[in-house]
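# Overview (structure and organization)
Here is how the chains run, residue by residue.
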Amino acid sequence: MAEHRKLIIIGSGPAGYTAAIYAARADLNPLLLAGSQPGGQLMLTSEVENYPGYPEGVQGPKMMEDFRKQAERFNTTIVYEQAIEVDLLATPKRIKTDSNTYTADAVIIATGASAKWLGLESEQRLKGAGVSACAVCDGFFFKGQDVVVVGGGDTASEEALYLSKLCNKVYMLIRRDVMRASKIMQHRVKNTPNIQILWNTEVKEILGEKSVEGVLAFNNKTGEEFTLKVTGVFIAIGHKPNTDIFKGQLEMDEQGYIITKGKSTHTNIPGVFAAGDVQDKVYRQAVTAAGFGCMAALDAERWLSQQGLH
Ligand code: NDP
């Protein structure tokens, strides 16, 4: 028999844990499926300087540990399973994980987004052998060496700054002649002597058989190709929402972000709510994700009460 809950939360980033804190304090006794990357994207971050309440900054993993402890303190059941199949149109809603099946009256989806890749064969082949999407996880292996960071957003800037402290030289490959990153991050990157920005530059191929030996890059204005001799390539070009298992059931935009109604977290299916980066491609901050998590728990509690289920 499938275990039944009033509320199941899928995802364990700031949105999922905040939804759990609010739902648990409302006596909903939620079950939280932590997914394939417990703690979400902040587990791959170093210093978080913009989350209110931490005047000195905080390490991403430490912050998520605090979120988890707070959720557990109020009776959230956390299971380290990944949802692999859902039937959100059924009553009750059904969720199959890699090891169990659960049913729930209401579901909050907080599955976040994942790093995007360039899509090159060489990139796939050399993942873990010099190609990475996480400087904090892998930067140590490139101590004193030369590396490339691809992207011009805040993530790429953070990665480049982190690597600049470990590596000899960091080339930042930016495909336009402007950066998307916030002004303060641009300023920091531009004022770091061992970061060299290459404008209008893209990766044609990552070189090397068993491990990264270089990058074949090209200038998209002049067509000029050149090789950068590096041992590491860090891809930081944005994110894709983790919504594949909900396709065909939940309304999404063309990029796969779940569509919510008005200023709420209600989706097109009654009793299903979406919070955080899985439905927000504009703000995408830990603090906004946490805010959406709170909204989703309040929306879910009201909906369950209206249905006579709570
Ligand atoms: P962004 O979407 O902001 O930036 C992606 C970058 O990658 C852009 O420079 C983009 O170029 C480039 N890019 C995209 N696709 C390709 C491609 N195929 N080849 C080469 N370059 C490509 O993503 P981020 O992950 O940087 O940031 C996401 C959000 O998180 C933002 O809102 C950001 O502010 C926030 N954030 C905040 C941090 C902080 O406050 N400390 C830290 C990290 C993230 P183009 O501009 O041409 O599209």
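Residues numbered from 1 in each chain as written. Predicted model: local features only at pLDDT ≥ 70, side-chain atom pairs only at ≥ 80, totals over all residues. Heavy atoms only, no water.

### Topic: the environment of Ile 197
For clarity, the cut-off: Note on conventions: DSSP H or I runs of at least 4 residues are helices, E runs of at least 2 residues are strands, and numbering of each starts at the N terminus. Between two residues, a contact is recorded if the distance between any of their heavy atoms is within 4.5 Å.
Relative to the helices and strands, Ile 197 resides in strand 13 (residues 195-198). Expressed as a C-alpha distance, the spacing of Ile 197 and Leu 173, which sit 24 residues apart in the sequence, is 6.3 Å. In this view, Ile 197 contacts Met 172, Ile 174, Met 179, Val 189 and Lys 190; residues no more than four positions away in its chain are not counted.

### Points about the pattern of salt bridges
What counts is decided by this rule: What counts as a salt bridge is simple: a side-chain nitrogen of Lys or Arg found within 4 Å of a carboxyl oxygen of Asp or Glu. Residue exposure (1.4 Å probe, protein chains only): buried if accessible area is under 20% of the type maximum, exposed if over 50%, otherwise partly exposed.
One pass over the full model with this rule turns up eleven salt bridges. Close ionic contact of Asp 244 with Lys 240 constitutes a salt bridge, the shortest N to O distance being 3.5 Å. We classify Lys 240 as partly exposed; its relative accessible area is 38%. Here Asp 253 and Lys 281 are joined by a salt bridge, their closest N and O atoms 2.9 Å apart.

### So, the nonpolar core
Put simply, the rule reads: To qualify as a nonpolar core, a set must consist of buried Ala, Val, Leu, Ile, Met, Phe, Trp, Tyr and Cys residues joined through side-chain atoms within 4.5 Å.
By size, the foremost hydrophobic cluster in this structure holds 34 residues, and its most contacted members are Leu 7 and Ile 108. In terms of residue count, the dominant contributor to this core is helix 7 (residues 286-306) (nine residues). Leave out the neighbours within four places in its chain, and Leu 7 touches Ala 23, Leu 28, Pro 30, Leu 31, Ala 106, Val 107, Ile 108 and Ala 300. Within the second largest apolar cluster, 21 residues are counted, among which are Ala 83, Ile 95, Ala 104 and Ile 269.

### Quick word on a positive patch on the surface
Counted only if it meets this: What makes a patch is a set of residues exposed beyond 30% relative accessible area and free of salt bridges, joined within 9 Å when like-charged and within 5 Å when nonpolar (Val, Leu, Ile, Met, Phe, Trp, Tyr). Per-residue and other accessible areas were derived by the Shrake-Rupley procedure at a 1.4 Å probe size, with only the shown protein chains allowed to occlude residues. Think of it this way: Lys and Arg go in the positive column, Asp and Glu in the negative one, and His and the chain ends go nowhere. Lys charges are placed at NZ, Arg charges at CZ, Asp charges at CG and Glu charges at CD.
A grouping of Lys 116, Arg 175, Arg 176, Arg 180 and Arg 284 is seen on the molecular surface, where their side chains present a positively charged patch. Summarising the element assignment, Lys 116 is placed in the loop between strand 9 (113-115) and helix 3 (121-125).

### Describing the domain arrangement of the protein chain
Applicable threshold: Residue ranges for the domains originate in an automatic or database domain assignment. Once two parts are brought into contact, the accessible area they lose, counted with a 1.4 Å probe and summed over both, makes up the buried area. The definition of a polar contact used here is a pair of N or O atoms within 3.5 Å, where within protein one atom must be able to donate a hydrogen and the other to accept one, and adjacent residues in sequence count solely through side-chain atom pairs. Each residue gets one of three labels, nonpolar for Ala, Val, Leu, Ile, Met, Phe, Trp, Tyr, Cys and Pro, charged for Asp, Glu, Lys and Arg, and polar for the others, Gly among them.
Splitting the protein chain by domain gives domain 1 (3-114 + 239-306) and domain 2 (117-235). Buried surface at the junction of domain 1 and domain 2, both sides included, amounts to about 440 Å², of which 55% is carbon and sulfur. When the area that domain 1 buries against domain 2 is broken down by residue, the three leading residues are Leu 44, Ser 46 and Glu 49, summing to 68%. The shortest N-O distance in the salt bridge between Arg 188 and Glu 49 comes to 3.4 Å. At the boundary of domain 1 with domain 2, the tally comes to one residue pair in polar contact (both at pLDDT 80 or more). Class assignment for the residues of the side of domain 1 that touches domain 2 results in one nonpolar, three polar and two charged.

### A closer look at the pairing of strand 17 (residues 232-235)
Both faces of the sheet carry side chains from a regular strand, because those side chains alternate between them. For the record, the criterion: Only when DSSP finds a minimum of two bridges between them are two strands counted as paired.
Taking every second residue as pointing to the same face, both faces of strand 17 are buried, with Gly 232 and Phe 234 on one and Val 233 and Ile 235 on the other. Bridge analysis of strand 10 (residues 131-132) against strand 17 gives two bridges, and the strand direction is parallel. The partner of Ser 132 across the bridge, within strand 17, is Phe 234. Note: strand 11 (residues 146-150) against strand 17, four bridges, orientation parallel. Paired with Val 148 across the two strands is Val 233, which belongs to strand 17.

### A look at the packing of aromatic side chains
As a reminder of what qualifies: To pair, rings of Phe, Tyr and Trp, with the six-membered ring standing in for Trp, must have centres within 6.5 Å; the planes then decide the type, stacked if under 30 degrees apart, edge-to-face if over 60, and tilted in the middle.
Per the stated rule, a full pass over the model turns up four aromatic pairs. On the basis of an interplanar angle of 70° and a centroid distance of 5.9 Å, the ring pair of Tyr 51 and Phe 67 is categorised as edge-to-face. In this pair, Tyr 51 is assigned in the loop between strand 3 (47-48) and strand 4 (58-59) and Phe 67 in helix 2 (residues 60-73), connecting sequence segments 16 residues apart. With respect to class, Tyr 51 is no different from Phe 67; both count as buried. Centre to centre, the rings of Phe 142 and Phe 234 are 5.5 Å apart; their planes meet at 80°, and the pair counts as edge-to-face. Placement of Phe 142 in the loop between helix 4 (135-138) and strand 11 and of Phe 234 in strand 17 is noted, with a sequence separation of 92 residues between them.

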